[in-house]
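# A closer look at the structure
Here are the chains, one letter per residue:
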Amino acid sequence: MPSVLERLRKGLPPTFTVERELASGGMGVVFLGRDESLDRRVAIKILRPELSTAIAVERFVREAQYLANLNHPNIVPVHLSGHADGLAYYVMDFVDGETLAARLARGPLALPEVLALASGLLGALAAAHRKGIIHRDVKPANIFLVDGRALLGDFGIARGSDEAIEAITTPGQVIGTLVYMAPEQLSGSPVTPQTDLYAVGLVLYQACTGRRWDLLVDPEDGDWTGVPSTLCEVLQTALQPVPNNRWNSAQSFARAITSRTPWLRLARRSSLIPLAALLLYWGYWRWPADKTVAGRVAVYPFEVAGFPDTTLGIQLARLTASYLEALPGVTVAPVRKTFSDWRASSLPPGKRLVALTKNQRGLEYGVWAVARPGQGGVEVQLQVVNARGEPVLRAVVLGDPTDRIGLGDSLALQIVRKVFPHSEPLYRSAGAFAGVSAPAIHSFLFGEDASERGAWLTAERHYLSALATDSTFVLAAWRLANARRWMPLRSAPPLPPGFHDLYRANSSGLGPVDRLLIDAQFAPSGNQRFALYEQAMRQAPLDAYPALYYGDELFHRGPLAGRPRDDAIRMLQRAVHLDSSLAPAHEHLAWALIHAGRREQARQSLDALRRVSGSPEESEIFLPALLEIAFAMRFGPEAGAKPEALLGSSSVLGLAARGALSFDMPLVQARLGAQLAALPRAPPVMHGSGEVAQGVALMALGRPAAALPHFDAAARLLPNHSEALLQAAEWRVVTNAVGLPGISAHEVERGRRDLRLMSDDSALGRRVAWVLALDALGRGDTSAASPWVQRVLSGSDSIGPLALHLRALQRSNAGRFQDAVDLAQPALKYDSAGAAGDPFFRSVLHLQLGEWHAMEGHTQAADSSWLWYENLDAVGWPSTVAQACEIDWALATYVRWRRARMAASTGSRSGACRGMTYVETRWSGAESAYAPLLKEVREFLQQCSR
């Protein structure tokens, strides 16, 4: 049988010769040819013969017609079309350049290149749209770069705006490249010219940043780092989810870009585009953002002599530091650290000021004062020394002790005039307290005092009081979030309602490090949060709080982005090294070390925590006590004691029963859960919580048949009855669908039956449909899956996480594993607990992403996906139905087994042996369904001992 190349050579007109294949795609193949009559090279595109259905041929011919009728310098022209030995083909110009996709593989474009790209694309689309043609597949792989000019090609799925899409597509079929689709295109809704403009926005964003846009994030909340300010607003409009909210035409899109770059308009008129572009590139990317470098200052706690209120000195020091911190170029060392260092020294105050300032790396000035009663008020003796310990300023400032704000202002102004005189003109317009009422500042300062000693309930009360007095006080709102972050029973996000809008309107009231930390809270992905924390640490390398926040993020959610728990340990160790007084850092570090089984290090962290923690009365849960219990159960002889004797109260037993797995103690959790479920005179919800605790622990121990009755019992006891019933069915169906052994066919069928009975529930129906679709697709029954898939894909949430996952699963079933990975990636945004709408979603997503990576041969990426179960991403403290993190922990042993097998297959003997040892311990009492797996584990471990 002749090859495609031979058939093409035979069937083409004699004036054309064919040399070789250039490229191939999903629908077509492109060959390099030559037009002998004109002595030039050409490209000849054919429709793949195996795909030559009537619809495909019609679409291919339509592409040739569109291109032939579009005479534009930024569109690849077509000269001839026809059939050659049964092959549909057309001849076009040969483009001797690389695709934008190939160029972006080396990194983002410079701004002038982006502007040239935008001009070419929008010009090409304006011409196409005038002809009534919508491209529908604008993406980097379809854009060629030739001598600084962008050429748009591949109109293979384009259509006229007046033709029915059903004419050339099958019902429900989504046409285009998934990661470059507009929302309406992804959902199968009618397309318009705005559909192409959305894709241009995606392409320009990627050209600026080197990153793909997250299709699930609102433009206002996206990560715009790397996008020049001149383009941010323009691209935000282009990427609006609703088509009518985007630019109304390619011309208006192009005019918006031009209007925001006035140098470009001038350059066009004066033929100076290359020079203007070079100047803009150099100025935008090379010029330092802040040329003022004034110095780094430490403000130590002021002392008070003769006043009964000892908070006066501390609060004056805080105020002075805050006023100085707002000045451009002035960096103020964190007062927590400077206060802690001051209190740790036994030197007399004057010598202490000199010694601490001289010994602190990078410090240029040290500030200290003492306040005494003076004539008519207070007399503050202010001292400033330089890094050599030499006096720079000695001054006496008089003021009213009841007007601490005014007095702090006067002290800071004295320092500015003497030490930073060039910044004095900026002083009055700066400051975190600018425009804030005095009563609000007073409440705030008392909140700061409480936070420093770890009294989170007291701090929360003072910050709330400050906000009640002045609702625009953004620093108080941020500090409130900080306090709530360390409160374990918090069942809602720490940021107060409306914080995002408040921050946007008043961000000037915050320092640069605080702004980076806040921006990280709104970043749509873990990796973007990590980047912002790293930037904050670079900006303030001696500030412990960025390291604490980064460590906290890694501790809770790092594994969701493929970062192991050891990364969190290292970052938290950095935080306590920078500031040993940070109780939350010690708490998290001790927790992580107990989980990791590092007894001696955990003991050291607990001892350090005891020295710096607040009082039990000022906390919701006194974590030092719970951590001591966890330590004793993990390492000490007390592990055999009765829980009541060890835990002391039913409330603490309730916390420990649902928290033991967070320390990797499933046997302990099963035992504590049984005690909680049988606790006399306890309310039903507590008994139900004990049943859930047992069920989750037994799943981790390889005993699913024993676990399922506990989930059924919980459904009878818990107040959120419908949710508990749904979860009981999901434990049967979802775990079976992802390959967990031990769920009998009878139990799986019972779960399916219960799910079908719940499918009409208005609140749960979409989740039920997702589970039933997952189940059917998992066993390859596309017919049974179809109605459930359609239910999930229909409606306004057609590009939500559940819908994206099913689309990805369909592609994996067709063997398109990389497509499945690309489509599922945006759903990772919903990793945070509860955000996807179903607590099982996260486990399913990470398990299957790992499988798809492995099928593509990307074992390292697979292993990173399978690290997710190490997370501690709980919302508050679990007390009713299972949270997403508990489902993750329940599957941990099974995933450790899969990771160990993959490590063995890739030759990583040590990793495989560690993993198999862990699995053998956890499954030593597993049910009979696990016997073949356990036999395999033990046989492998025999090799490890040789």
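In what follows, the structure referred to is the one given above.
My aim in this report is to walk through the structure given alongside it, one point at a time. Small disclaimer: the values here were computed from a predicted structure and weren't measured. (Residues numbered from 1 in each chain as written. Predicted model: local features only at pLDDT ≥ 70, side-chain atom pairs only at ≥ 80, totals over all residues. Heavy atoms only, no water.)

## Section: the overall build of the chain
Operational definition: Secondary structure elements follow DSSP: runs of H or I no shorter than four residues count as helices, runs of E no shorter than two count as strands, and numbering proceeds from the N terminus. Each residue is assigned to one of three classes by its accessible area relative to the maximum for its type, calculated with a 1.4 Å probe on protein chains only: buried under 20%, partly exposed between the two thresholds, exposed over 50%. Residues count as neighbours in contact if any of their non-hydrogen atoms are within 4.5 Å of one another. Values of accessible area rely on a 1.4 Å probe in the Shrake-Rupley scheme; residue burial ignores everything except the protein chains shown. Under the convention used here, Asp and Glu are negative, Lys and Arg are positive, and both His and the chain ends fall outside the count. To locate a charge, the coordinates of NZ of Lys, CZ of Arg, CG of Asp or CD of Glu are taken.
In terms of regular secondary structure, the chain is built from 43 helices and 16 strands. Each principal axis of the C-alpha distribution contributes one length, and for the chain these read about 105 × 80 × 55 Å. When each of the 946 residues of the chain is scored for burial, the buried share is 57%. Sequence separation of 24 or more characterises 61% of the internal contacts of the chain that already satisfy a separation of 6 or more. Entry remark: accessible area of the chain is about 39,000 Å², with carbon and sulfur atoms responsible for 53%. Here the chain contributes 96 positive and 92 negative side-chain charges, whose respective centroids are spaced 3 Å apart.

## What to know about the pairing of strand S9 (residues 149-152)
Here is the rule we go by: We treat two strands as partners when DSSP finds at least two bridges between them.
Across four bridges, the pairing between strand S8 (residues 143-146) and S9 is antiparallel. In the strand pairing of S9, Leu145 is matched with Ala150. Hairpin geometry of S8 and S9 is characterised by an intervening segment of two residues between the two adjacent antiparallel strands and by a positive phi of about 50 degrees at Asp147.

## Considerations on the packing of helix H18 (residues 474-485) against helix H22 (residues 544-557)
Our working definition: Axis lines are fitted through C-alpha atoms, for helices just across the contact stretch, and the angle between N-to-C directions can take any value from 0 to 180 degrees. Comment on the angle field: the value is read as roughly parallel under 35 degrees, roughly antiparallel over 145, roughly perpendicular from 65 to 115, and oblique elsewhere. It is the rotation of the near helix from the far one that decides the hand of a crossing: anticlockwise by less than a right angle makes it left-handed, clockwise makes it right-handed. We call Asp, Glu, Lys and Arg charged. Ala, Val, Leu, Ile, Met, Phe, Trp, Tyr, Cys and Pro are nonpolar, and the rest, Gly among them, are polar.
It is the contact of H18 with H22, at a shortest axis distance of 13 Å, that shows an interaxial angle of 45 degrees. Here H18 is positioned oblique relative to H22, judged by the angle of their axes. In the crossing of H18 with H22, the sense of the turn from one axis to the other is left-handed. On H22, the residues touching Trp478, Asn482 and Arg485 of H18 are Tyr549, Asp552, Glu553 and Arg557. Here the contact of H18 with H22 is built from residues that sort into two nonpolar, one polar and four charged.

## Re the packing of helix H7 (residues 229-238) against helix H8 (residues 250-259)
The packing of two helices is summarised by the inter-axis angle and the distance between the axes. Relative to each other, H7 and H8 sit at 165 degrees, their axes nearing to 9 Å. Taken together, the axis directions place H7 and H8 in an arrangement best described as roughly antiparallel. The hand of the H7/H8 crossing is right-handed. Residue-level inspection shows Leu231, Val234, Leu235 and Ala238 of H7 in contact with H8, the latter providing Phe253, Ala256 and Ile257. Per-class residue counts for the contact of H7 with H8 are seven nonpolar, no polar and no charged.

## Looking at the state of the cysteines
Going by this rule: The rule for a disulfide is simple: a pair of cysteine sulfur atoms within 2.5 Å.
Summed over the entire model, instances satisfying the criterion amount to one disulfide. For Cys913, the disulfide goes to Cys944, at an S-S distance of 2.0 Å. Its torsion about the S-S bond being -90 degrees, the disulfide of Cys913 and Cys944 is classed as left-handed. In this pair, Cys913 sits in helix H42 (residues 909-922) while Cys944 sits in helix H43 (residues 931-944), placing the two residues 31 residues apart along the sequence.

## Remarks on the pairing of strand S15 (residues 377-386)
With eight of ten residues buried, S15 lies mostly within the body of the structure. One ladder, built from ten bridges, connects strand S14 (residues 365-374) with S15; its direction is antiparallel. Within S15, the residue paired with Arg372 across the bridge is Glu379. Hairpin connection of S14 to S15: two residues between the antiparallel strands, including Gly376 at a positive phi of 75 degrees. Examined bridge by bridge, S15 and strand S16 (residues 391-399) share eight bridges and lie antiparallel to one another. Along S16, the bridge assignment pairs Gln381 with Val396. Two successive antiparallel strands, S15 and S16, enclose a turn made up of four residues, where Gly389 displays a positive phi of approximately 85 degrees.

## Describing the packing of aromatic side chains
What counts here: When two rings of Phe, Tyr or Trp (its six-membered ring) have centres within 6.5 Å they constitute a pair, described as stacked for plane angles under 30 degrees, edge-to-face for angles over 60, and tilted for the intermediate range. Sitting over a ring, as applied to charges here, requires NZ of Lys or CZ of Arg to be within 6 Å of the ring centre and within 35 degrees of the ring normal.
Scanning the entire structure with this criterion turns up 30 aromatic pairs. With a centroid separation of 4.4 Å and 5 degrees between ring planes, the pair formed by Phe711 and Trp731 is classed as stacked. Residue Phe711 is found in helix H31 (residues 704-717), and its partner Trp731 is found in helix H32 (residues 721-737); the two are separated by 20 residues along the sequence. No difference in accessibility class separates Phe711 from Trp731, as the two residues are buried. The structure contains a cluster of three or more aromatic residues connected by ring pairs, namely Trp478, Trp486, Phe499, Tyr503, Phe522, Phe530, Tyr533, Tyr545, Tyr549 and Tyr550. Against the face of Phe530 rests Arg563, its NZ or CZ located 5.1 Å from the ring centre. Across from the ring centre of Phe631, 4.9 Å away, lies the NZ or CZ of Arg603, which sits over that ring.

## Thoughts on the sheet that holds strand S6 (residues 98-99)
Overall, antiparallel pairing links the three strands, which are arranged S6-S8-S9 in an open sheet. The open sheet has two free edges, formed respectively by S6 and S9, since each of these has just one partner strand. Relative to S8, S6 runs antiparallel, the two sharing two bridges. Looking across to S8, one finds that Thr99 is bridged to Phe144. Contacting S8 and S9, helix H4 (residues 111-130) runs over the sheet at an angle of about 35 degrees to S9.

## Section: the pattern of salt bridges
Side-chain pairing between opposite charges can occur once the charged atoms of the two side chains come close. Let me state the cut-off plainly: By convention in these notes, a salt bridge is any Lys or Arg side-chain nitrogen within 4 Å of a carboxyl oxygen on Asp or Glu.
Tallied over the full model, the rule gives 48 salt bridges. For Asp873, the salt bridge is made with Arg842, and the minimal N-O distance between the two is 2.8 Å. Here Asp873, found in the loop between helix H39 (859-865) and helix H40 (884-890), pairs with Arg842, found in helix H38 (residues 841-855); they are 31 residues apart in sequence, far enough to count as distant. The exposure class of Arg842 is buried, given its relative accessible area of 2%. When salt bridges with common partners are traced through the structure, they connect Arg529, Glu553, Arg557, Arg842, Asp873 and Asp888 into a single cluster.

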